[in-house]
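Examining the three-dimensional arrangement
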Amino acid sequence: MSAEDLENYETELELDLYREYRDVVSLFSYVVETERRFYLANNVDVQVRSTGGEVFFELTLTDAWVWDVYRSARFVKSVRVVTFKDVNVEELAKRELEVP
C-alpha cells in the first residue's frame, strides 16, 4: 500500500465520519469537547474536583456518540471522562417541527 493509498483511505474514513455526524447530530442535546475527544450526548454531568491543589473535571455522559474515525461502535450508553484540561459543553438548538 502506497502513502497515497493510505492518505486516500484516511480521507475516506474522515468523510464517512462527517456524514455519520451530520446524520445523527439532531438526535442529541449537547456537544462536548475535551482535549482528546468530541462527543454528542443527551445527558451531561460535569463535576469540578480538586485534589492536592490540582483542579480537574469529571464528566459523565449518557446516551452518547463519539467522534473517533477508528472506532467501529461510536454509540455508547455511558462515558466517563476525567481531564485536567478545558471542557466545553454546549446545548444544541432544537429545530422546529417540520411538516413534510
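In this report, we go over the structure that sits alongside the text. Residue indices follow the written sequence of each chain, beginning from 1 at its first position. Totals for whole chains, interfaces and linings use all residues, but because this is a predicted model, local features are given only for residues with pLDDT of at least 70 and pairs of side-chain atoms are given and counted only at 80 or more. The basis for every side-chain value is the complete set of heavy atoms in the structure, and neither hydrogens nor water enter the calculation.

A few points about the overall build of the protein chain
This is how it is decided: Think of it this way: any DSSP run of H or I at least four residues long counts as a helix, any run of E at least two long counts as a strand, and we number them from the N terminus. The atom set for the radius of gyration is the C-alpha atoms, and the globule formula is 2.2 Å times the number of residues raised to the power 0.38. Exposed residues in this analysis have more than 50% of their type's maximum accessible area, buried residues have under 20%, and partly exposed residues fall in between, with area computed by a 1.4 Å probe over protein chains only. Only heavy atoms enter the contact rule, under which two residues are in contact if any of them lie within 4.5 Å. Under the convention used here, a 1.4 Å probe and the Shrake-Rupley method define accessible areas, while residue burial counts only the protein chains that appear. Two residue types count as positive, namely Lys and Arg, and two as negative, namely Asp and Glu; His and chain ends fall outside the count. In plain terms, the charge of a residue is placed at NZ if it is Lys, CZ if Arg, CG if Asp and CD if Glu.
Across its full length, the protein chain carries one helix and five strands. A compact globule built from 100 residues would reach a C-alpha radius of gyration of about 13 Å, whereas the protein chain, at 17 Å, exceeds it by more than 25%. Per-residue burial for the protein chain yields a buried fraction of 25% across its 100 residues. Here the analysis covers contacts within the protein chain between residues at least 6 apart in sequence; of these, 51% occur between residues at least 24 apart. Carbon and sulfur atoms form 48% of the exposed surface of the protein chain, whose accessible area is close to 7500 Å². Considering the protein chain, the positive charge centre built from 12 side chains and the negative charge centre built from 21 side chains are found 6 Å apart.

Thoughts on the pairing of strand β2 (residues 38-51)
Our working definition: Pairing between strands requires that DSSP locate at least two bridges from one strand to the other.
Note that strand β1 (residues 30-33) and β2 share four bridges and pair antiparallel. Looking at the pairing, Glu33 lines up with Phe38 of β2. What sits between β1 and β2 in their antiparallel hairpin is a turn of four residues.

Side note on the pairing of β1
Strand direction decides the pairing type here: β1 and strand β5 (residues 88-91), joined by four bridges, are antiparallel. Note on β5: the bridge partner recorded for Glu33 is Asn88.

Description of the sheet that holds strand β3 (residues 54-67)
By way of backbone hydrogen bonds, the strands of a sheet pair with one another, either parallel or antiparallel. Note the threshold: Here an axis means a line fitted to C-alpha atoms, over the contact stretch when the element is a helix, while the angle between two N-to-C directions is reported on a 0 to 180 degree scale.
Spatial ordering of the open sheet is given by β4-β3-β2-β1-β5, a layout of five strands whose pairing is antiparallel. Only two strands of the sheet have a single partner each, and these edge strands are β4 (75-83) and β5. Direction aside, the axes of adjacent strands within the sheet are offset by 25° on average. Running over the sheet, helix α1 (residues 3-24) touches β2, β3 and β4 and is turned about 85° from β3.

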